[in-house]
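# A look at the structure
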Amino acid sequence: TTGYLLAGFVGGVDGLGDAHNFAHYGVDLQAFIHLGLGPRMLWLRFWGEGVTGNLDEVPFYELPYLGGDFLRGYDFARFRNRVSGLLTAQYLWDVQRSVDAFLFADVGRVYSSLDDVTLSGLRAGFGGGFQLQSSSGWAAAISLASSIDGGLFLTATLTPYWNEVPRWR
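Residues numbered from 1 in each chain as written. Predicted model: local features only at pLDDT ≥ 70, side-chain atom pairs only at ≥ 80, totals over all residues. Heavy atoms only, no water.

### Structural notes on the packing of aromatic side chains
The geometry of two aromatic rings is summed up by the distance between their centres and the angle between their planes. Counted under the stated rule, the structure contains eight aromatic pairs. Aromatic side chains Phe32 and Trp43 sit 6.1 Å apart centroid to centroid with 85° between the ring planes, which places their arrangement in the edge-to-face category. With Phe32 in strand 2 (residues 22–34) and Trp43 in strand 3 (residues 40–51), the pair connects residues that are 11 residues apart, well separated along the chain. On the basis of relative accessibility, which here comes to 4%, the residue Phe32 falls in the buried class. Consider the rings of Tyr74 and Phe79, whose centres lie 5.1 Å apart with planes at 70°: the pair is edge-to-face. The same class applies to Tyr74 and to Phe79, which are both buried. Three or more aromatic residues link up through ring pairs in this structure, and these residues are Phe9, Trp47, Tyr65, Phe70 and Phe76. (Phe/Tyr/Trp six-rings, centres within 6.5 Å; stacked < 30°, edge-to-face > 60°. Helix = DSSP H or I, 4+ residues; strand = E, 2+ residues; numbered from the N terminus. Buried < 20%, exposed > 50% of the residue type's maximum accessible area, 1.4 Å probe, protein only.)

Structure, rendered in structure tokens:
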């Protein structure tokens, strides 16, 4: 069984006073591929996000970022610029009815504009962890991640990495 999720967004931000107006846009494409017998699943994701306007016109905290939840293996929001792109592959299997284990690899990069998008200079993170499931769905996760630049990140979260995950139980 295979499931897909496609979401896009676009919105304008009106600057107050002398601040500039800009737009924020993005796309999230996910595929959930059930592999063989038993609860084994491959999750694939492409996430892209951007803002219009020059760097001096967009508040720093509004810039698309990678690191933390997006590009695990790096500090939260380690990379920021006007455009970001992320590819993720995650393999998930059950340990018991309420516990799943997973291995993942993330690659991504931020860019100053859409014209600059290229596959060179990608950053990569990888790792694994466990997800706890309740009877009503996703509950919590803990993961251990690193990157091609080194470092080790232990993360516990109550926020799912994926917007919606088809359950097979």
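### A short note on the pairing of strand 2
Looking at chain direction, strand 1 (residues 2–13) and strand 2 are connected through 12 bridges and run antiparallel. Looking at the pairing, Gly3 lines up with Phe32 of strand 2. With 11 bridges connecting them, strand 2 and strand 3 associate as antiparallel partners. Opposite Phe32, over in strand 3, you have Trp43 as the bridge partner. (Pairing = 2+ DSSP bridges.)

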